[in-house]
Amino acid sequence: MASLIACPHCGPRPKEEFTVRGDAGITRPAPDAREDAWYAYVYLRDNPRGRHKEHWHHTSGCRRWLIVERDTVTHAVYAVTDAAAQGETA
Amino acid sequence: MVDFALVHRPALAGAKSGSFGAPATGNRITLAALPEGHVLQVLGSKGSAGLEDLIRQIADGNQTAARAYGPGQWFVVGDATLSPTEIAGKAALLSGKASIAEQSHGRIRIGMSGGSVEAVLAKGTAVDLDRAKFPVGRSAMTLIGHISALITRTGDESFEVMVLRGFAESLWDELIQMSLEFGVDARATV
């Protein structure tokens, strides 16, 4: 239980409670985008070294999607925010 | 035509009961299966805020009946069984700001009390259960070992753990195991 993620709703929780989806910076192409754009969206990922933003789901807690900004080398966590825009949720 | 009668059987009816572990330590744990009354999952609709007072209105008046476990998400629990009409009446009170999903059949409540109850739960979860940080009425959805559960403080030395029905007996056995060093009295029948 070493790696703690500070969920903005639940407080610090061990990483075992979360599911990682991956890069939070990827945007979905338009429905009529070319095949290579869709290929890149579905399959191609960078493997960055250092600061990185990811989508994490607090599966065993509040069940909210979060954006976790962390360092992929040191696993230092810089910021954790809810993925929904401000005021969009109850 | 009904081919066979459905018999409602409490989830913990066949679970281990009795006294286990260390002899009288003064810090014994009491485990009790709680009545399978009502468990209502209440979800706030998009954009609605400040629902706490509204949620309290559909609860049975018990201080720890309405349990928040995330933004716009609550469990409202109680010992009394509710008819579909009564639940519909509660849904009407929410006037579209939140919806109710009936979960009474799907979640089981286990009561835990004793001087060392925080020490026992700390073996399974990383949530800080200290009374200053986790006062009476506070809830947290978390993992106890690998089982997802909602922990609620109901008193200075008592907690309630709510778990999916199918995991109830497994968690029950684990809670007994976790309590052995203090001694535990487990009562599986309501």
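The residue numbers shown here count from 1 along each chain, following its written sequence. Chains carry letters and ligands carry numbers; both start at the beginning, A for chains and 1 for ligands, and go up in the order they are written. With pLDDT at 70 or above as the cut-off, local features in this predicted model cover only qualifying residues; side-chain atom pairs require 80 or more to be listed or tallied, and sums for whole chains, interfaces and linings still use all residues. Derived side-chain values reflect all non-hydrogen atoms in the structure, with water molecules and hydrogen atoms excluded from consideration.

1. What about the packing of aromatic side chains?
For clarity, the cut-off: Only Phe, Tyr and Trp rings are paired, with Trp represented by its six-membered ring, and only when their centres lie within 6.5 Å; those with planes under 30 degrees apart are stacked, over 60 edge-to-face, the remainder tilted. Only DSSP runs of H or I covering at least 4 residues are called helices, and only runs of E covering at least 2 are called strands; the numbering of each starts at the N terminus. Any residue under 20% of the maximum accessible area for its type is buried, any over 50% is exposed, and the rest in between are partly exposed; the area is computed with a 1.4 Å probe on protein chains only. The criterion for a charge sitting over a ring is simple: Lys NZ or Arg CZ within 6 Å of the ring centre, and within 35 degrees of the ring normal.
Evaluated as defined, the whole model comprises five aromatic pairs over all chains. Relative to Tyr41(A), the ring of Trp38(A) lies with its centre 5.6 Å away and its plane at 90 degrees, an arrangement referred to as edge-to-face. With Trp38(A) and Tyr41(A) both in helix H1 (residues 35–43) and three residues apart, this pair spans about one turn of that helix. Judged by relative accessible area, Tyr41(A) falls into the buried class, the value being 17%. Judged by centre distance (4.9 Å) and plane angle (20 degrees), the ring pair of Tyr69(B) and Phe75(B) falls under stacked. The same class applies to Tyr69(B) and to Phe75(B), which are both buried. Residue placement shows Arg51(A) over the ring face of Tyr78(A); its charged tip is 3.8 Å from the ring centre. In this structure, Lys16(B) is placed above the aromatic ring of Phe20(B), and the distance from its NZ or CZ to the ring centre is 5.2 Å.

2. Considerations on the confidence of the model for chain B
To keep things clear, this is the line we draw: Each residue carries a pLDDT score, the predictor's own confidence in it, on a scale running from 0 to 100.
Summary statistics for chain B give a mean pLDDT of 92 and a share of 99% for residues scoring 70 or more. The least confident element of chain B is helix H1 (residues 52–58) of chain B, whose mean pLDDT is 89; the most confident is strand S10 (residues 158–164) of chain B, at 97.

3. Digging into the environment of Arg9(B)
All names here are of chain B. To keep things clear, this is the line we draw: Note on contacts: a residue pair is in contact if any heavy atoms of the two residues lie within 4.5 Å.
Relative to the assigned elements, Arg9 resides in the segment before strand S1 (18–20). Owing to a relative accessible area of 48%, Arg9 belongs among the partly exposed residues under this scheme. The contacts of Arg9, once residues within four sequence positions are left out, are Gly14 and Arg165.

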